[in-house]
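Each chain is listed here by its residues.
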Amino acid sequence: MTDTHCPYCSLQCGMTLQRRGPVLEVQARPAFPVNEGALCRKGWTAAGLRGHRERLTTPLVRDPATSELRAAGWDEALDLVAERVRALQDESGADAVAVFGGGGLTNEKAYLLGKLARVALGTSQVDYNGRWCMSSAATAGNRAFGIDRGLPFPLADVERADVVVLVGSNLAETMPPAARHLDRLRERGGRVIVVDPRRTPTAERADLHLQPVPGTDLPVALGLLHLLVAAGAVDDAYVAARTTGWEEVRGAVIGWWPERVERVSGVPVAELTELARLVGRAERVMVLTARGAEQHSQGTATVLAWIDVALALGMVGKDGAGYGCLTGQGNGQGGREHGQKADQLPGYRMIDDPAARAHVADVWGVDPDSLPGAGRSAYELLDALGTPGGPRALLVHGSNPAVSAPRATHVTQRLAALDLLVVADIVLSETAALADVVLPVTEWAEETGTMTNLEGRVVLRERAVAPPEGVRSDLEVYAGLAARLGCTAAFPTDPEAAFEELRRASAGGRADYAGITYDRIRAEDGVFWPCPAEDHPGTPRLFAESFATADGRARFVAVDHVGAAEQPDDDYPLHLTTGRVLGQYQSGAQTRRVRDLPDTGPFVELHPMLAARVGARDGEPVVVTTRRGELKAPARVVGTIRPDTVFVPFHWVGANRLTNDALDPSSRMPEFKVCAAQVRA
Ligand code: SF4
């Protein structure tokens, strides 16, 4: 019996794995506080890839004669990668080689992948798919609070609030075990408010559902703040004592009267007024954002506007209240803390900070001047592949950008333009199928490593079974490549040794893991960062006394509504939005292969009025077209979506051929959540 955590989302539900002959059985683990034994169907079926016929167990290299992938030995594959990398860098410089990581990698892998890029490859070109997940909330959190931790309180605090406002979160479908907190809150008389263009299973449970046009969560927040000011609901004492910048924000919301908000967002005046009434008189209000609010070209501004609401009400740092981001990927949080983001070093240090560079270089035993500077953000990196001056080689670990990147057809073309594409994965994903070299690596139950869940709780996944013969861990891949590249810096292949190094590298940083050990995690059901010393208890709750800014005060930030980069017009008269379904996860590379999960394929959700207008019938094919591509899939005619909006889940090839690559100017988040579209039967 091995206690571990789910391989998928940021809840990191605790589970126990039991070996029964060749079968690995998932069992509940009621003692783990985050999920109290509950799992969603993805968790229950998490062992479904074990022994799968598509599991990769030998490296593959593309044969130049046939252009087909063929089996190869590890030495042949790694020698080939090192040789090609060195030749490309000799010809075009260190940045000719890029690295693309993932929000599902353990902290140890994310940390050493960043080190591999900066030290062994000497490239600035490293980023990860988590940039497409929480980066707008991360940027907003850093600006407002001086720190970015998804939830600055344990998830269980949700049920102690009086009113919870979920903006762009479908909690009940994306992380069902977390929804019990909403139920308990309502049982004790609390209210749940959902802001979402679709009436999702989460919205069905809500006391109030606001259904704005996709891309207009920002003016809803501005209008709410306008009404709170008018009602005298602002906590003036809190604002004066704990914040700066309020006057500018108050000036900015004066013009957002409810009728204007209704005109822009479609949210009726009466509903916005009811929202203001509920939050304005509640003792404890919690605002939680997720991808629906964040994956926009104005994602950072949208989150800042909702943070402004929470600050104006005096809720941030208050017990059972505040603002939080519900992170998405299993290790989206830890993945960005330890160095696989283009502008960050381990411990959430910024790469352009000389003191941060000196600290990390000392741990790595290299000259600080040898560390490269900031590189391109995730989408910009992919967009530059194979272009003049752009990377000529790409190493991909834990990501499937051919499916998950916005404007995916273009990204696939960029991947095809590379001189060398190397993909480490457990199955031949759509990205791996394009690669020159494919490296078969361990999956979750076959390796040990830490993850940082949506609460900032560092948890430990323990190895439960040996990997299939022929498979290596990502850490072994990094070590093998570093050695072949002549790099003498340490690349430990033992996860605990890697974590010990990460602790030193993070010490003194914003995400300080110095006091966290594997033994403490086992004994304490995880440890919350920051935890600067082994005798420090960890920090479940932030901001009670002060914020992580220079003067200890939170920052109000005045923002205004610009709107989505692409607005409907005569040719593309509808809004397209994308999202998840219960039975699948991310690009689906894993879950689409799990037999017990429903693989429905993509579908197009549209309102009966729209279906009647275009002649679409439930279950029959429709074609959705945007300026970037088209998708043909069965219609699902539902009354739960706005009549001006269509929805497509993104777990299958196709949805992201449609999405827009317009980027948020600060977070560099692509606008996954809205673009202009047309639909025809
Ligand atoms: Fe796994 Fe998330 Fe489901 Fe929990 S909610 S079982 S972590 S996918």
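Residues numbered from 1 in each chain as written. Predicted model: local features only at pLDDT ≥ 70, side-chain atom pairs only at ≥ 80, totals over all residues. Heavy atoms only, no water.

For the rest of this paragraph, the subject is the sheet that holds strand β20 (residues 457–461). Within the open sheet, the three strands sit side by side as β19-β20-β21. Their pairing is antiparallel. One side of each edge strand has no neighbouring strand; the edge strands of this open sheet are β19 (449–452) and β21 (527–528). Note that β20 and β21 share two bridges and pair antiparallel. Residue pairing across strands places arginine 457 opposite phenylalanine 528, the latter belonging to β21. Strands in contact with helix α3 (residues 107–121) are β19 and β20; relative to β19, the strand with the most contacts, it is inclined by about 95°. (Pairing = 2+ DSSP bridges. Helix = DSSP H or I, 4+ residues; strand = E, 2+ residues; numbered from the N terminus. Contact = heavy atoms within 4.5 Å. Axes fitted to C-alpha atoms, helices over the stretch in contact; angles between N-to-C directions.)

Next up on the list: the pattern of salt bridges. Tallied over the entire structure, the rule returns 51 salt bridges. Ionic pairing is found between glutamate 443 and arginine 55, a salt bridge with its closest N-O pair at 3.9 Å. Of this pair, glutamate 443 sits in the loop between β18 (437–440) and β19 while arginine 55 sits in the loop between α1 (41–44) and β4 (60–62), placing them 388 residues apart in sequence. A relative accessible area of 7% places glutamate 443 in the buried class. The residue aspartate 162 makes a salt bridge to arginine 284 at a minimum N-O spacing of 3.4 Å. Placement of the pair is aspartate 162 in the loop between α4 (135–145) and β8 (163–167) and arginine 284 in the loop between α12 (269–280) and β12 (285–289), with a sequence separation of 122 residues. (Salt bridge = Lys/Arg side-chain N within 4 Å of Asp/Glu carboxyl O. Buried < 20%, exposed > 50% of the residue type's maximum accessible area, 1.4 Å probe, protein only.)

For the protein, the assigned domains read domain 1 (60–132 + 331–497), domain 2 (135–325) and domain 3 (574–680). Summarising the inter-unit geometry, the C-alpha centres of domain 2 and domain 3 are found 26 Å apart. Taking both sides of the interface into account, the surface hidden between domain 2 and domain 3 amounts to around 2,000 Å²; carbon and sulfur atoms contribute 55%. It is Arg198, Gln295 and Ser297 in domain 2 that bury the most area against domain 3; as a group they hold 32% of the surface buried on that side. Where domain 2 meets domain 3, there are one salt bridge. Our count for the contact surface shared by domain 2 and domain 3 stands at eleven residue pairs in polar contact (both at pLDDT 80 or more). Among the residues forming the side of domain 2 that touches domain 3, the class breakdown is five nonpolar, 15 polar and six charged. (Domains from an automatic or database assignment. Buried area = accessible area lost by both parts, 1.4 Å probe. Polar contact = N/O pair within 3.5 Å; in protein donor to acceptor, adjacent residues only side chain to side chain. Nonpolar A, V, L, I, M, F, W, Y, C, P; charged D, E, K, R; others polar.)

For the ligand, the full set of nearby residues is Cys6, Tyr8, Cys9, Leu11, Gln12, Cys13, Leu39, Cys40, Lys42, Gly43, Met175 and Pro177. Taken together, the residues of the shell around the ligand break down into nine nonpolar, two polar and one charged. (Near = heavy atom within 4 Å.)

Put simply, α3 and helix α20 (residues 474–484) touch, their axes get as near as 10 Å, and they point 15° apart. Classified by the angle their axes make, α3 and α20 are roughly parallel. Here the hand of the crossing between α3 and α20 comes out left-handed. Residues Glu108, Lys109, Leu112, Leu113, Leu116 and Ala120 of α3 lie in contact with α20, whose contacting residues are Asp474, Leu475, Tyr478 and Ala482. Taken together, the residues that form the contact of α3 with α20 break down as seven nonpolar, no polar and three charged. (Parallel < 35°, antiparallel > 145°, perpendicular 65-115°, else oblique. Left-handed = near helix turned anticlockwise from the far one by under 90°.)

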